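Residue strings, one per chain:
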Amino acid sequence: MRDATQQIPTDRASLIAEVRQLSPNLSADDTTVSSIRGGRAAAKARLKTLDPAEYGKTRNHLDGAVTQLSPYIRHGVMGADEVRDQALELASCKTAEKFVQQLTWRDYWQRLYREYPDHIWNDVEDYKTGFGPEDYADDLPEDIAAGETGVACIDQFIDQLLTTGYLHNHARLYLAGYICHWRRVKWQAGAAWFLSHLLDGDPASNNLSWQWVASTFSHKPYYYNLDNVEKFSGPDIDTAFKRNKPLAGTYEDLRKRLFPNGDFQ
Amino acid sequence: MSVIWIHEDAITLDHPAVTMAGEGAEIIFIWDTERHDEKAYSLKRRVFIYECALDLGVKIMAGHPYNVLRELVGEQTIYTAWSPDPDYREIIADLRDTHEVKVIEAPGLVSVPDDVDTKRFFRFWNRAKKSAMTPSHQVLESETA
Ligand SMILES: Cc1cc2nc3c(=O)[nH]c(=O)nc-3n(C[C@H](O)[C@H](O)[C@H](O)COP(=O)(O)OP(=O)(O)OC[C@H]3O[C@@H](n4cnc5c(N)ncnc54)[C@H](O)[C@@H]3O)c2cc1C
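Residues numbered from 1 in each chain as written. Chains lettered and ligands numbered in written order. Predicted model: local features only at pLDDT ≥ 70, side-chain atom pairs only at ≥ 80, totals over all residues. Heavy atoms only, no water.

On to the overall build of chain A. Across its full length, chain A carries 13 helices and 0 strands. Order of helices (α) and strands (β) in chain A, N terminus to C terminus: α-α-α-α-α-α-α-α-α-α-α-α-α. A compact globule built from 265 residues would reach a C-alpha radius of gyration of about 18 Å, and chain A, at 20 Å, matches this within 12%. Overall size of chain A, expressed as C-alpha extent along the three principal axes, is 65 × 50 × 40 Å. Each of the 265 residues in chain A was classed as buried or not, and the buried ones make up 54%. Counting contacts in chain A only where the partners sit at least 6 residues apart, residues at least 24 apart contribute 70% of the total. (Helix = DSSP H or I, 4+ residues; strand = E, 2+ residues; numbered from the N terminus. Rg over C-alpha atoms; globule rule 2.2 N^0.38 Å. Buried < 20%, exposed > 50% of the residue type's maximum accessible area, 1.4 Å probe, protein only. Contact = heavy atoms within 4.5 Å.)

Here it is, written out as structure tokens:
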């Protein structure tokens, strides 16, 4: 349909029009395109911003020095080995280690995908939450899909997911934790939703991380409180108590509220 | 002459599948709308993938990869990058009934023994760390030494 010699559309609008034409079943309401560009030049530009020392110190903060290379790595536009080599070029082994360790998570998930393809959509282990799979809703509630949960920071994360197709790791954890534990929705529903929006959407990294949050692939469920969100969020995220009440409380309170029969340590 | 099938898990020409196919191989990216619909990919995901594919400057064909390749490829060998995706593995298995398909794996980030424990990440990391922290050029040097 498109020959190598054909002119590549130089403006994004024609490129988007081509994609639309190729996707006749795509809903007419789906009009959002991310500002994150595809292609090697864009990947290289991101790689240039890599700062392993800063990464080690700030990576858990939503405004920390993370690379946003995941969409390129996921689609093989840039290899994780190339990124690792650059990190080791820029910093000592000790300084680069945290970054390389994070890169290795991807390798780890891919290995599991290869070895156990069934783990992608099935619970690897039982839930440790005190609930069984039957206690979780099958479908994603509409208010979540629309980003209208009424929990301010969660709605902001959803908006970011829907408009940019990218979320910081910590925001993914907060959102997945909210869906699995505050709303008691099956991790599969959340994972499928992430995969349709994340530019880096990857069956292994995504679904196995969801299972880690849900506790079907870890010793305990991942949960957090509003203080934690406040600690790791920059000024752009609304963490006011009155607009985020369901997330507020001590870990002990939340544990009692979310997992009254939980048997994890 | 060979055909190189580029799929969505390796949208690159910097891959051993491309090198091994040799000069003059025909390179095609296959755009699979049915796959995108099935996975409910949003417009932004599709645009990102298309933009990456266009950037390669290769021929793009639309359709199910099995049908496209069956129709396009005669006696030639098909080269493609290895992927854990069960759909791709199935397509490759089906193509092999009628064609020679070479599935090539890129070196990747770490190399660890096959019996490595993958039950939890940190056990894996302890075994993988040395290899993960070794730059590619050093691995190449030790392999050719
Ligand atoms: C619920 C949930 C869903 C996720 N879904 C995906 C997904 O679909 N695709 C995906 O690539 N990652 C996923 N991750 C992992 C991680 O959040 C992203 O890889 C990371 O946030 C991408 O941002 P970055 O490129 O700025 O990462 P950086 O922190 O800059 O890391 C560099 C690279 O290392 C890799 N990496 C880092 N952390 C992880 C991790 N925990 N797991 C796997 N790879 C990692 C990525 O390739 C990333 O681009 C998910 C995590 C959670 C908790």
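Moving on to the site of the ligand. Residue and element names in this part refer to chain A. Within the structure, the ligand sits among 27 residues, and Tyr-55, Thr-67, Gln-68, Tyr-166 and Asn-169 are positioned closest to it. Contact between the ligand and Tyr-55: an oxygen atom at 2.5 Å from a side-chain N or O atom of the residue. Within the side chain of Gln-102, one N or O atom sits 3.1 Å away from a nitrogen atom of the ligand. If the ligand stood free it would expose 820 Å²; the protein chains cover 97% of that surface. Elements with a minimum of two residues in the shell around the ligand: α4 (70–74), α6 (93–115), α9 (169–182) and α11 (203–214). Broken down by element, the shell around the ligand gets its largest block of residues, 6 residues, from α6. Grouping the constituent residues of the shell around the ligand by class yields 14 nonpolar, 9 polar and 4 charged. (Near = heavy atom within 4 Å. Polar contact = N/O pair within 3.5 Å; in protein donor to acceptor, adjacent residues only side chain to side chain. Areas by Shrake-Rupley, 256 points an atom, 1.4 Å probe, with all protein chains shown as cover. Nonpolar A, V, L, I, M, F, W, Y, C, P; charged D, E, K, R; others polar.)

A word on the packing of α9(A) against helix α10 (residues 187–197) of chain A. Residue and element names in this part refer to chain A. At a closest axis distance of 9 Å, the pairing of α9 and α10 adopts a crossing angle of 140°. By the angle between their axes, α9 is oblique relative to α10. In the crossing of α9 with α10, the sense of the turn from one axis to the other is right-handed. Note on element contacts: α10 touches α9 through Trp-187, Trp-193 and Phe-194, opposite Arg-172, Leu-175, Ile-179 and Cys-180. (Axes fitted to C-alpha atoms, helices over the stretch in contact; angles between N-to-C directions. Parallel < 35°, antiparallel > 145°, perpendicular 65-115°, else oblique. Left-handed = near helix turned anticlockwise from the far one by under 90°.)

All names here are of chain B. A sheet is described by the order of its strands in space; here 5 strands give the open sequence β3-β2-β1-β4-β5, paired in parallel fashion. The open sheet has two free edges, formed respectively by β3 (59–62) and β5 (101–104), since each of these has just one partner strand. Going across the sheet, the axis of each strand differs from the next one's by a mean of 30°, ignoring polarity. Note that strand β4 (residues 78–81) and β5 share 4 bridges and pair parallel. Residue pairing across strands places Ala-81 opposite Ile-104, the latter belonging to β5. Of the strands in this sheet, β1 (3–6), β2 (26–31), β3 and β4 are in contact with helix α4 (residues 65–72), which crosses β2 at around 150°. (Pairing = 2+ DSSP bridges.)

Note that every value here comes from positions in space, so none of it alone points to a role or purpose.
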